[in-house]
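Chain by chain, the residues run as shown.
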Amino acid sequence: MVDPKLYSLLKAAETNSITKAALTLSLTQPAVSQHIQQLENELGVHIFERTNNGLLLTREGEIVLRYAKRILALEENLRNEILDSRQIITTLRVGITHTAESNAIAETFARYAQNHDGIMIKLITDANANLYEMLHNYALDLAIVEGRIADPTLRYLLLDTDCIVLAVAPDHPLAKRNSVSVEELKKEKMILRLPDSNTRNQFVASLESRNMSINDFNVILEIDNIATIKDLIRRGIGVSVLAKSACLDELSKHKISVLTIESLSMMREINVVYNCDFEHTDILHDIISCYNTRQFS
């Protein structure tokens, strides 16, 4: 149903090569080149620049690619919904952040799918901003995000609240305390999430609200894998600023200690976000109920 030229465009953009795109699609190189040329002629734009390193999308080409992805995602949604209506099967594509991957949220979706025959859930992990883009392109049905943005095309349901804390090893000198001052924290070796992390950005924003900078701290490592960060904390390599929800398992097993950072307010909402035309809102409420039951079981 979708114009095959869009598949040629997508693969050429992914591989930066007409030749590689042709191999992936089992087409000839001239066929893929013709598809790109036809798209350019139909739209009156120049999609790719040829460089020594392969194909490079033009500004117009980036726009064409973005809408091509959206069209392909909509076709997949259409076919899935038709299949679901025939077989009474629901497939949910759920985006979660790296923080959510490390806490009860991922387990909740796994348990929900386990207990509901005919429902298959695909979990996709990415940064908040990328999850919103996938929602807009209909590559996701819903996402679990920190906070919310003003967008009339989206709807939100509150799942939980969370707070950002300082995580330290159980034998760290600060481990027995309830809080730490910012000045004390400046003396610690810190392991932080990458700058595109919502947790990192909230910490930075809290500092800036107090006329402080992340540059005032001794950051020795930046990494986006939360499991690795927690492992390094346990080994005494450094301390980190993490969502408390990402540390619940380690807290229960006394593998990590957490404490608040004085004068920094870092509470936040955890929300389910979905497009306003999403029809399976009953499933969303069931998932929230499953999450709350699991939290207190």
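Residues numbered from 1 in each chain as written. Predicted model: local features only at pLDDT ≥ 70, side-chain atom pairs only at ≥ 80, totals over all residues. Heavy atoms only, no water.

Caption draft 1: Spotlight on the overall build of the chain. Scanning the chain from terminus to terminus reveals 12 helices and 12 strands. Taken along the three principal axes of its C-alpha coordinates, the chain extends 65 × 50 × 35 Å. Split into buried and exposed, the 297 residues of the chain put 46% on the buried side. Considering only contacts within the chain whose residues lie at least 6 apart along the sequence, 71% involve residues at least 24 apart. For the chain, the computed accessible surface area is about 15700 Å², with 50% contributed by carbon and sulfur atoms. In the chain, which carries 31 positive and 39 negative side-chain charges, the distance between the mean positions of the two groups comes to 4 Å. (Helix = DSSP H or I, 4+ residues; strand = E, 2+ residues; numbered from the N terminus. Buried < 20%, exposed > 50% of the residue type's maximum accessible area, 1.4 Å probe, protein only. Contact = heavy atoms within 4.5 Å. Areas by Shrake-Rupley, 256 points an atom, 1.4 Å probe, with all protein chains shown as cover. Lys, Arg positive; Asp, Glu negative; His and termini not counted. Charge placed at Lys NZ, Arg CZ, Asp CG, Glu CD.)

Caption draft 2: Just the packing of helix 1 (residues 4–15) against helix 3 (residues 29–43), in detail. Their axes nearest at 9 Å, the elements helix 1 and helix 3 cross at an angle of 105 degrees. Taken together, the axis directions place helix 1 and helix 3 in an arrangement best described as roughly perpendicular. Between helix 1, through Pro4, Lys5, Leu6, Ser8, Leu9 and Ala12, and helix 3, the contact on the second element is made entirely by Val32, His35, Ile36, Gln38, Leu39 and Glu42. Classifying every residue of the contact of helix 1 with helix 3 gives seven nonpolar, three polar and two charged. (Axes fitted to C-alpha atoms, helices over the stretch in contact; angles between N-to-C directions. Parallel < 35°, antiparallel > 145°, perpendicular 65-115°, else oblique. Nonpolar A, V, L, I, M, F, W, Y, C, P; charged D, E, K, R; others polar.)

Caption draft 3: Spotlight on the pattern of salt bridges. The final tally for this structure, using the stated rule, is 14 salt bridges. In this structure, Lys230 and Glu250 form a salt bridge, with 3.1 Å as the shortest nitrogen-oxygen distance. Remark: Glu250 occurs in helix 11 (residues 248–252) and Lys230 occurs in helix 10 (residues 226–234); sequence separation between them is 20 residues. The class of Lys230 is buried, set by a relative accessible area of 5%. (Salt bridge = Lys/Arg side-chain N within 4 Å of Asp/Glu carboxyl O.)

Caption draft 4: Main features of the nonpolar core. Core analysis: the biggest nonpolar cluster contains 25 residues, and Ile105, Leu142, Ile144 and Val272 have the highest contact counts within it. Among the elements of the structure, strand 3 (90–96), helix 6 (104–115), strand 4 (119–125), strand 5 (142–146), strand 6 (154–168), strand 12 (267–275) and helix 12 (281–296) are those that each provide at least two residues to this core. Of the residues forming this core, the biggest block, six residues, is contributed by helix 12. Each residue touching Leu142, except ones within four places of it in the same chain, is listed here: Leu92, Arg93, Val94, Gly95, Phe109, Leu135, Val272, Val273, Tyr274, Phe278 and Leu284. If you look at the next biggest cluster of nonpolar residues, it comprises 22 residues, including Leu166, Val168, Met190 and Val204. (Core = buried A, V, L, I, M, F, W, Y, C linked by side-chain atoms within 4.5 Å.)

Caption draft 5: Highlighting the environment of Lys186. By the secondary structure assignment, Lys186 is in the loop between helix 8 (182–185) and strand 8 (189–192). On the basis of relative accessibility, which here comes to 25%, the residue Lys186 falls in the partly exposed class. The spacing of Lys186 and His254 is 68 residues in sequence and 25 Å in space, taken between C-alpha atoms. With residues near it in sequence (within four places) discarded, Lys186 still touches Asp216, Phe217 and Asn218. A polar side-chain atom of Lys186 sits 3.2 Å from a polar atom in the side chain of Glu183. (Polar contact = N/O pair within 3.5 Å; in protein donor to acceptor, adjacent residues only side chain to side chain.)

Caption draft 6: How the structure looks around helix 3. In this model, helix 3 (15 residues) spans 22 Å end to end at C-alpha, consistent with the 21 Å of a helix rising 1.5 Å per residue. Looking only at helix 3, the buried set comprises Val32, His35, Ile36, Leu39 and Glu40. Angularly, the buried residues of helix 3 cover 130 degrees about the axis, an arc narrow enough to put them on a single face. Of the exposed residues in helix 3, those oriented more than 90 degrees away from the buried face are Pro30, Asn41 and Glu42. Its buried side turned inward, helix 3 meets helix 1, helix 2 (18–25) and strand 1 (48–51). (Expected span 1.5 Å × (residues − 1). Arc of directions from axis to C-beta.)

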